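What the coordinates show
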Amino acid sequence: VLVPQTTFDPTNHIQDLNCRQKPKGRYSFGAALLDNHVLVVGGRGSDQSELHRDVWARDDSFPQATISTRPRSGTHDSKFTFESNEGGAEHFEYKIMDAEERLDVTPWIKASPNEKTDVSWLDNKKGGPGEGTYALFVRSIDPSGNKDYRYSTSTNIHVWRYVPSLPWRLIISCTCSGIVVCVLLHFEYRRRKRKAALERYAVRRMRRKFKSKALSRGLGEITDEDWKAL
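Bear in mind the structure is a predicted one, so any value in this text is a computation, not a measurement.

**Here we look at the packing of aromatic side chains**
- As enumerated under the stated definition, the model contains seven aromatic pairs in all.
- Their ring planes at 50° and their centres at 5.9 Å tell us that Phe82 and Phe92 sit as a pair that is tilted. Pair noted here: Phe82 is in strand S5 (residues 79-84) and Phe92 is in strand S6 (residues 91-98), with a separation of ten residues, a long-range link. Across the pair, exposure class does not vary: Phe82 and Phe92 are buried alike.
- Geometrically, the ring pair formed by Phe137 and Tyr151 is edge-to-face, given 6.2 Å between the ring centres and 70° between the ring planes. Of this pair, Phe137 sits in strand S10 (residues 132-141) while Tyr151 sits in the loop between S10 and strand S11 (157-162), and the two are 14 residues apart along the sequence.
- On the basis of relative accessibility, which here comes to 33%, the residue Tyr151 falls in the partly exposed class.

**Regarding the environment of Thr153**
- Along the polypeptide, Thr153 turns up in the loop between S10 and S11.
- Exposure remark for Thr153: the relative accessible area of 55% places this residue in the exposed category.
- The spacing of Thr153 and Ile67 is 86 residues in sequence and 9.4 Å in space, taken between C-alpha atoms.

**Thoughts on the pattern of salt bridges**
- Overall, the coordinates contain nine salt bridges when judged by the stated rule.
- Measuring nitrogen to oxygen at the nearest pair gives 2.7 Å for the salt bridge that ties Glu188 to Arg191. Here Glu188 and its partner Arg191 are both found in helix H2 (residues 168-216), three residues apart, which amounts to about one turn of the helix.
- With a relative accessible area of 27%, Glu188 lands in the partly exposed category.
- Taking the shortest distance from any N to any O, the salt bridge between Arg192 and Glu188 comes out at 2.9 Å. Of this pair, Arg192 and Glu188 both sit in helix H2, four residues apart, which is roughly one turn of the helix.
- Here Arg192 falls in the exposed class, since its relative accessible area comes to 56%.
- One network of salt bridges, in which partners are shared, links Glu100, Glu131 and Arg161.

**Looking at unusual backbone geometry**
- Even without a glycine there, the phi angle at Ser28 is positive, about 55°.
- For Ser28, the location among the structural elements is in the loop between helix H1 (11-14) and strand S1 (30-34).

**A look at the nonpolar core**
- Phe80, Phe82, Tyr94, Val119, Leu136, Val138 and Trp160 are the most contacted members of the largest nonpolar core, which has 15 residues in total.
- Contributions of two or more residues to this core are made by strand S4 (65-69), S5, S6, S10 and S11.
- Ignoring anything within four residues of it in the chain, the contact list for Tyr94 reads Phe82, Pro107, Trp108, Ile109, Lys110, Ala111, Thr117, Val119, Trp121, Leu136, Phe137 and Val138.

Cut-off values and rules
- Residue positions within a chain follow its written sequence, with the count starting from 1.
- Given that this is a predicted model, residues contribute local features only at a pLDDT of at least 70 and side-chain atom pairs are listed and counted only at 80 or more, while totals for whole chains, interfaces and linings are drawn from all residues.
- Remark: hydrogens and water are excluded; side-chain values derive from all non-hydrogen atoms of the structure.
- Aromatic pairing here means that ring centres of Phe, Tyr or Trp (its six-membered ring) are within 6.5 Å. Orientation follows from the plane angle: under 30 degrees is stacked, over 60 is edge-to-face, and everything else is tilted.
- The helix and strand labels rest on DSSP assignments: H or I over at least four residues marks a helix, E over at least two residues marks a strand, and numbering proceeds from the N terminus.
- Each residue is placed in one exposure class: buried if its accessible area under a 1.4 Å probe, protein chains only, is under 20% of its type's maximum, exposed if it is over 50%, and partly exposed if it falls in between.
- One side-chain nitrogen of Lys or Arg within 4 Å of one carboxyl oxygen of Asp or Glu is enough to make a salt bridge.
- Here, nonpolar core means buried Ala, Val, Leu, Ile, Met, Phe, Trp, Tyr and Cys residues that are tied together by side-chain atoms lying within 4.5 Å of each other.
- Residues are treated as being in contact if the distance between any of their heavy atoms lies within 4.5 Å.

Quick look at the structure:
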């Protein structure tokens with residue numbers, strides 16, 4: 001039998017689980033009122049031999065989520081932080097709606113606990129819908145399964161104008177390409193200019209050469225027509 005070298009830690013796998021337990025049907029149970037909560041104590045089940053030895057309390061309070069960190073409107077900021085007014089409500093769900101089209105962009109999505117929620121995937125360069133006005137709804141879930149039932153822009157709704165970031169990679173690559181093209185054109189211009197200067201120098205040298213030969217032979221001054229003929 002292989003002995004594992006490390007102990008498996010299931011914390012990361014079960015931290016998103018949300019279990020909601022309900023008491024089974026019973027009768028002949030006791031009841032008490034404690035701290036304004038009704039407690040159900042014991043009782044018998046549908047079967048005469050089934051005896052319950054547990055205590056249940058009804059959780060009738062609903063948690064209220066709050067968006068503590070919001071992105072600024074008109075920017076490419078995309079990170080949110082959520083909080084809840086109930087200590088045990090550590091799980092959050094959010095969805096995004098297009099405020100202009102009145103359509104859901106996403107269904108309810110679980111937010112990672114103790115981490116910022118990043119919605120940068122809205123960027124069209126990442127396959128998202130791109131620039132627009134969006135509304136983010138968030139709700140918290142307590143251990144009893146209760147969720148937010150009231151929504152307000154001051155607590156669990158944020159409406160903002162999302163503007164994707166500039167495509168800096170494309171801008172930088174185009175700028176570098178433009179600089180390289182300008183440098184190449186500059187060197188090509190200088191090469192042609194130098195070539196033309198050398199050609200003019202060669203023509204003047206040949207003219208002086210033919211002129212000296214013509215004078216030595218007594219042909220006199222050579223005109224442009226004579227030079228073209230030569």
